Amino acid sequence: MNIYGLTYAQLENYLTSIGEKKSKAPFIFQSLYRTQVTSLMDVSEINQRLKTQLADTFTVTLPQLVDKTDGTDTVKFLFALQGEPETQQEYLIEAVLMKQNYGNSLCISTQAGCNMGCAFCQSGRFKKVHNLTTAELVSQIIAVQKLADCTIQNIVLMGIGEPFDNYDNVMQFLEIIMHSHGLALGKNHITVSTCGIVPGIEAYTAHPCHGLLAISLHAPDNDTRSRLMPINRRYPVEQLMKTARQYIYATGKKVMLEYVMLENINDTPEQAQLLADLIGTDKFHVNLIPYNATENSGFTQSSRERIMAFYDVLKKNNITVTMRREFGASVKAACGQLRADYENKTLLPKECNSL
Ligand code: SF4
């Protein structure tokens with residue numbers, strides 16, 4: 001078993017089960033997450049016998065780097081995961097490092113492929129073939145910190161996959177990366193982004209390890225949103241916004257509404273007004289995202305004029321709104337683009353064979 005999948009409490013339980021003291025757990029967590037040892041024989045402050053026992057029981061496994069694309073402020077990593085030993089199936093996932101003036105943020109994947117089928121999304125082209133394990137989630141961070149020789153301050157679960165479609169592993173992952181002997185990331189430094197799985201948002205809100213919440217909204221009305229995002233047929237806009245408000249009231253935190261600007265689809269001033277009405281005076285923050293146009297997507301990026309007109313309507317309604325700069329267009333950092341590009345060029349897309 002990969003030791004990155006163990007929570008601190010599970011590690012303590014393991015130590016007790018082999019007759020060791022729980023007080024060894026901080027040294028093991030610190031060696032894994034601060035010193036970033038590659039072998040359990042290098043864990044400091046524990047005796048040789050325990051090192052050997054750990055090394056015989058656990059592995060320290062990181063995802064294998066397949067490709068890396070450097071941009072000015074963005075580095076995109078394509079990793080291969082080994083998957084289950086029985087199937088020997090290899091999975092490709094992406095992680096994107098964004099160097100921002102408030103620290104390094106890492107956007108990680110939660111699934112290989114995605115079943116949510118959002119019309120504008122590259123990842124949606126590849127059906128889900130694997131829920132990332134807790135260890136695979138955690139080890140993306142360690143791998144990037146080592147490869148880029150940096151410290152990650154913020155984690156965003158906005159890569160390939162829908163986090164709440166892999167809920168248990170994602171929440172265990174959050175517990176590990178928040179732990180004070182581990183990466184010690186605070187709640188305000190972790191954002192989980194969902195396409196709108198209402199029961200997932202409810203459970204996340206009630207969970208002690210919740211971080212911030214972002215919702216991929218992308219349209220203020222059910223007709224447009226259902227065309228763009230099939231999940232809307234199950235959890236329509238009104239129900240989604242009601243659940244988002246429950247998160248706001250329970251946590252006191254804002255909810256980020258992601259809104260990708262698609263020309264003539266969701267970018268009219270009328271739609272901006274509908275969005276403003278939907279938000280009212282509650283603590284939402286709208287993030288307008290210029291679409292990273294891809295070949296054969298059938299969508300084009302809204303013009304700057306249309307984006308500005310949309311922005312102005314929201315501003316006039318006193319809505320908090322920002323415009324994301326086109327982070328990572330040069331490194332194909334739109335969801336699933338590097339992977340899609342790599343597979344088109346070099347691999348027979350395993351999952352696509354069945355499409
Ligand atoms: S936008 Fe997110 S939820 Fe939708 S298909 Fe892409 S990865 Fe899945």
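Bear in mind that the values here come from a model prediction, so they are computed numbers and not experimental data.

Peer 1: So what's going on with the confidence of the model for the protein chain? Residues and values would help.
Peer 2: Of the residues in the protein chain, 89% have a pLDDT of 70 or more, and the chain-wide mean is 90. Taken together, the stretch residues 327-355 has pLDDT below 50 and engages in 80 contacts with residues farther than four places along the chain or on a different chain.

Peer 1: A description of the packing of helix H1 (residues 8-17) against helix H2 (residues 25-35) should follow, citing residues and the corresponding values.
Peer 2: Between H1 and H2, the shortest axis-to-axis distance is 10 Å and the interhelical angle comes to 130°. Relative to H2, the element H1 is oriented oblique. Between H1 and H2 lies a crossing whose hand is right-handed. Facing H1, whose interface residues are Tyr8, Leu11, Glu12 and Leu15, H2 presents Ala25, Pro26, Ile28 and Phe29. Tallied by class, the residues present in the contact of H1 with H2 amount to seven nonpolar, no polar and one charged.

Peer 1: Summarise the site of the ligand; cite the residues concerned and give the values.
Peer 2: Near the ligand there are ten residues, and of these Cys114, Met116, Cys118, Cys121 and Gly161 occur at the shortest range. In terms of residue class, the shell around the ligand is built from six nonpolar, four polar and no charged.

Peer 1: Now, about the environment of glutamate 94: what can you tell me, with residues and values included?
Peer 2: Locating glutamate 94 in the fold gives a position in strand S3 (residues 91-100). Residue glutamate 94 is classed as buried on the basis of its relative accessible area of 4%. Between the C-alpha atoms of glutamate 94 and serine 109, which are 15 residues apart in sequence, the distance is 6.0 Å. In this structure the side chain of glutamate 94 is engaged in a polar contact, spanning 3.0 Å, whose partner is the side chain of lysine 76.

Peer 1: Let's hear about the nonpolar core: which residues, and what values?
Peer 2: One recurring pattern in soluble globular proteins: nonpolar side chains tend to sit buried together. By size, the foremost hydrophobic cluster in this structure holds 104 residues, and its most contacted members are Phe120, Ile155, Phe173 and Leu288. Looking at which element gives the most residues to this core, the answer is helix H5 (residues 167-178), with eight residues. Taken domain by domain, the makeup of this core includes at least three residues from each of domain 1 (3-57) and domain 2 (64-354). Here phenylalanine 173 is in contact with Ile108, Thr134, Leu137, Val138, Ile141, Ile155 and Leu157, once residues within four sequence places are set aside.

Peer 1: Which residues make up the sheet that holds strand S10 (residues 255-261), and what values go with them?
Peer 2: In spatial order, the strands read S1-S2-S3-S4-S7-S8-S9-S10-S11-S12; together these ten strands make up an open sheet with mixed pairing. Looking at the sheet topology across the chains shown, the edges are occupied by strand S1 (64-70) and strand S12 (320-323). Ignoring which end each strand starts from, the neighbouring axes of this sheet average 20° apart. Relative to strand S9 (residues 212-216), strand S8 (residues 190-194) runs parallel, the two being bridged by four bridges. Residue threonine 191 lies in a different strand from S9, and its bridge partner there is leucine 212. Strands S1, strand S2 (74-81), S3, strand S4 (103-108) and strand S7 (154-157) of the sheet are contacted by helix H4 (residues 134-147), whose axis makes an angle of about 130° with S2.

Peer 1: Can you explain the packing of aromatic side chains? Please cite residues and give values.
Peer 2: The full count for this structure, using the stated rule, is ten aromatic pairs. Judged by centre distance (5.0 Å) and plane angle (40°), the rings of tyrosine 259 and phenylalanine 310 are tilted. Taken as a pair, tyrosine 259 in strand S10 and phenylalanine 310 in helix H11 (residues 304-316) lie far apart in primary sequence, 51 residues in all. The burial state of tyrosine 259 is the same as that of phenylalanine 310; both residues are buried. Taken together, the aromatic side chains of Tyr4, Tyr8, Phe29 and Tyr33 make up a single cluster linked through ring pairs.

Calculation criteria
- Residues numbered from 1 in each chain as written.
- Predicted model: local features only at pLDDT ≥ 70, side-chain atom pairs only at ≥ 80, totals over all residues.
- Heavy atoms only, no water.
- pLDDT = per-residue confidence, 0-100.
- Contact = heavy atoms within 4.5 Å.
- Axes fitted to C-alpha atoms, helices over the stretch in contact; angles between N-to-C directions.
- Helix = DSSP H or I, 4+ residues; strand = E, 2+ residues; numbered from the N terminus.
- Parallel < 35°, antiparallel > 145°, perpendicular 65-115°, else oblique.
- Left-handed = near helix turned anticlockwise from the far one by under 90°.
- Nonpolar A, V, L, I, M, F, W, Y, C, P; charged D, E, K, R; others polar.
- Near = heavy atom within 4 Å.
- Buried < 20%, exposed > 50% of the residue type's maximum accessible area, 1.4 Å probe, protein only.
- Polar contact = N/O pair within 3.5 Å; in protein donor to acceptor, adjacent residues only side chain to side chain.
- Core = buried A, V, L, I, M, F, W, Y, C linked by side-chain atoms within 4.5 Å.
- Domains from an automatic or database assignment.
- Pairing = 2+ DSSP bridges.
- Phe/Tyr/Trp six-rings, centres within 6.5 Å; stacked < 30°, edge-to-face > 60°.

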